[in-house]
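Structure assessment
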Amino acid sequence: MEMVQEAKARQKKRTTCIGDFLYLVEGAIRWGLYDLKIGTLTVIDLRSGELLNYLAGIKLVANQKRTFLQECVPLVWDQIKKLGIEKRLFELDTSSAAWYETNLDLLWLEVTDVCNEKCIHCYANNGTRQIISINSEFAKEIILQAREERCQKLQIVGGEPFLHRHLWQIVEYAHKLNYPEIEIFTNLTLLTADDLKRIKALDIKIATSLLGHNAEVHDACTRTPRSFERWHYNIKQIQSLGIAFRIGVIRMKQNEEVMNEIENFLRKEGLLNPDELFSPDDLRPIGRGNRKTVLPTKPLDYELFLTVNPKFFHQARLFNPCWRGEIAVTTDGKVYPCVFSRKLIVGNLQKESLHEIIRQLQRTYWTITLDQIEKCCDCEFRYACMDCRALSLCAGKGLYGAPVRCNYDPCHTEVSKIRG
């Protein structure tokens, strides 16, 4: 409770519209100038930011303000011209009309706790869960309620979804409800030719994980003989059929030294586009992954990865950039903000409606903005940056604790290593 009160009591730094698609965001010692029209973010010094912030708030027409900059503060005006924003500076903003509402966007539905692999890092299994599969009628009811809430994306996860006896009943029902996107997260070891035909016919997307570039590494992580062989066979089948897929590479102690080899393997097999970045992800310390024997000896050096556009910016001012619009539902109906936040039970769909739970999420977890987060609240990049509250919770930093994977210090550090 004290942490919540402290987060709410933090002095919110200023955000000011200074023109059409142009916003200033105050940081501890710098300002961020967001151009939402062309998707750029420029860091400017404190004095220049204060001046632009002041001019935006006074009652003069736009031309008078621009003339003042040209004649009295030429250094700032030159910077404005270099950015190519002088014609839009101090004009009426037209960027913010449609982004002030967040509905349910993504539903993770765990259809089974059963899995044919015994991955050493599995987030969903810590040895305490019951081994069950969801009742297919209950699954359909959840999927229906989510679609009635205008849910756009359904991701079916497990366990291993292809161990659910009625998986295709569930998937076909979701397809009839016209979900714009349906994805199955699978280890790719159990797919049959019939499964592949159905995936293709229903335009289902596939998500999977690769843990090594060969059987020696991959199978050691899954603790399942021939898992790499079966994975490789089926990913090539998926590739040849033109099925949409994505591959996540989870980095842990057992494979951290072979990341280059994994990238080379993916590129050689055509599973990574030539211009696509190779982006492995350190495992989340959740479930079996919360052990020193599997955690990487040294974490990845995560760069600032920024998203600058009207939708992201305006929603980030009101909602959490990761949790907003997302829920995860387990086989027994428990609801979490995401699949990695397994200690935050929001409700249970065996006792409450999805509508009720979503309204609760909209009032609580979805509305945790980076203005409330330690360190982020002082950062000029906070409305362009992603977040992971689950990682902060796992690291013992609390719900409002500083992000675990951010090395940028908004009070001191010079800006470097920005991707977007």
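Above: the structure in question.
Residues numbered from 1 in each chain as written. Predicted model: local features only at pLDDT ≥ 70, side-chain atom pairs only at ≥ 80, totals over all residues. Heavy atoms only, no water.

**Quick word on the side chain of aspartate 113**
Condition: Helix numbers and strand numbers start at the N terminus; a helix is a DSSP run of H or I with at least 4 residues, a strand a run of E with at least 2. N or O atoms within 3.5 Å of each other form a polar contact, as long as, within protein, one can give a hydrogen and the other can take it, and as long as residues adjacent in sequence are counted only when both atoms are side-chain atoms.
Along the chain, aspartate 113 falls in the loop between β5 (106–110) and α5 (136–148). Among the polar contacts listed, one links the side chain of aspartate 113 to the side chain of threonine 331, at a separation of 3.2 Å.

**A short note on the environment of alanine 316**
The condition that has to hold: Throughout this description, buried means an accessible area under 20% of the type-specific maximum (1.4 Å probe, protein chains only), exposed means over 50%, and partly exposed covers the range between. The criterion used for residue contact is that any of the two residues' heavy atoms lie within 4.5 Å.
The topology assignment puts alanine 316 in helix α11 (residues 310–316). Since its relative accessible area comes to 2%, alanine 316 is described here as buried. Contact partners of alanine 316, with chain neighbours within four places excluded, come to Arg324, Thr369 and Tyr383.

**Section: the sheet that holds strand β3 (residues 30–35)**
Heads up, the condition is: Strands are treated as partners if at least two bridges between them are detected by DSSP. Lines fitted to C-alpha atoms define the axes here, with helix axes fitted over just the stretch in contact, and angles between the N-to-C directions of these axes take values from 0 to 180 degrees.
Strand order across the open sheet formed by 4 strands is β1-β2-β3-β4, with antiparallel pairing between neighbours. Edge positions in the sheet fall to β1 (15–19) and β4 (40–45), since each has one partner strand and no second. Across the sheet, the mean angle separating the axes of adjacent strands is 25° when strand polarity is ignored. As paired strands, β1 and strand β2 (residues 22–26) are joined by 4 bridges and run antiparallel to one another. Counterpart to threonine 16 in the pairing with β2 is leucine 24. Each of β1, β2, β3 and β4 is contacted by helix α2 (residues 46–57), which is oriented at about 105° to β4, the strand it contacts most.

**Focus: the pattern of salt bridges**
Pairing between side chains of opposite charge can happen when the charged atoms of each approach one another. Here is the rule we go by: A pair is scored as a salt bridge if a Lys or Arg side-chain nitrogen falls within 4 Å of a carboxyl oxygen belonging to Asp or Glu.
Scanning the model with the defined rule gives 25 salt bridges in all. Between lysine 13 and aspartate 378 there is a salt bridge whose closest N-O contact spans 2.8 Å. Of this pair, lysine 13 sits in the loop between α1 (2–9) and β1 while aspartate 378 sits in the loop between α12 (354–363) and α13 (389–394), placing them 365 residues apart in sequence. The partner of glutamate 110 in a salt bridge is arginine 342, and the shortest N-O contact between them spans 3.1 Å. Placement of glutamate 110 in strand β5 and of arginine 342 in the loop between β13 (334–336) and β14 (347–348) is noted, with a sequence separation of 232 residues between them. Residue class for glutamate 110 comes out buried when judged on its relative accessible area of 1%. Salt bridges linked by common partners bring Lys12, Asp371 and Arg382 together as one network.

**Side note on the pairing of strand β12 (residues 326–329)**
Neither face of β12 is open: one carries Glu326 and Ala328, the other Ile327 and Val329, and all of them are buried. Alignment of β5 against β12, held across 4 bridges, turns out to be parallel. Paired with leucine 109 across the bridge in β12 is valine 329. Across 2 bridges, the pairing between β12 and β13 is antiparallel. Counterpart to alanine 328 in the pairing with β13 is tyrosine 336. Here β12 folds back onto β13 in antiparallel fashion, the turn holding 4 residues, of which glycine 333 has a positive phi close to 90°.

**Concerning the packing of α2 against helix α3 (residues 62–72)**
Packed helices, taken two at a time, are described by the angle their axes make and the gap between the axes. Test applied: Roughly parallel covers angles under 35 degrees, roughly antiparallel covers those over 145, roughly perpendicular covers 65 to 115, and oblique covers all other angles. By the definition used in this description, the sense in which the near helix is turned from the far one sets the handedness, with an anticlockwise turn below a right angle giving left-handed and a clockwise turn giving right-handed. Classification convention: Asp, Glu, Lys, Arg as charged; Ala, Val, Leu, Ile, Met, Phe, Trp, Tyr, Cys, Pro as nonpolar; all other residues, Gly among them, as polar.
At their nearest, the axes of α2 and α3 sit 10 Å apart, and the two run at 150° to each other. Comparing the axis directions of α2 and α3 gives the class roughly antiparallel. Like other packed secondary-structure pairs, α2 and α3 cross with a definite hand, here right-handed. Side by side, α2 and α3 meet where Leu51, Leu52, Leu55 and Ala56 of the first sit next to Lys65, Phe68 and Leu69 of the second. Taken together, the residues of the contact of α2 with α3 sort by class into 6 nonpolar, no polar and 1 charged.

**Overview of α5**
Side chains three or four residues apart in an α-helix point the same way, a direct result of the helix having 3.6 residues per turn. Selection rule: For a helix, the expected span equals 1.5 Å multiplied by the residue count minus one.
When the terminal C-alpha atoms of α5 are compared, their 18 Å separation across 13 residues agrees well with the 18 Å that a helix rising 1.5 Å per residue should span. Considered for burial, the residues of α5 that qualify are Ser136, Phe138, Ala139, Lys140, Ile142, Ile143, Gln145 and Ala146. Where α5 is buried, its residues meet β5, β6 (153–157), α6 (167–176), β12 and α12. Measuring from the backbone nitrogen of glutamate 137 back to the side-chain oxygen at the start of α5 gives 2.9 Å, which picks out asparagine 135 as the cap.

**Observations concerning the sheet that holds strand β10 (residues 281–282)**
Within the open sheet, the 9 strands sit side by side as β10-β9-β8-β7-β6-β5-β12-β13-β14. Their pairing is mixed. Sheet topology places β10 and β14 at the edges, where each strand pairs with a single neighbour. Note: β6 against strand β7 (residues 181–185), 4 bridges, orientation parallel. Bridge pairing in β7 places leucine 154 opposite isoleucine 182. The strands touched by α5 are β5, β6 and β12; relative to β5, the strand with the most contacts, the crossing angle is about 175°. Taken strand by strand, α6 contacts β6 and β7, and its axis lies near 160° from that of β7.

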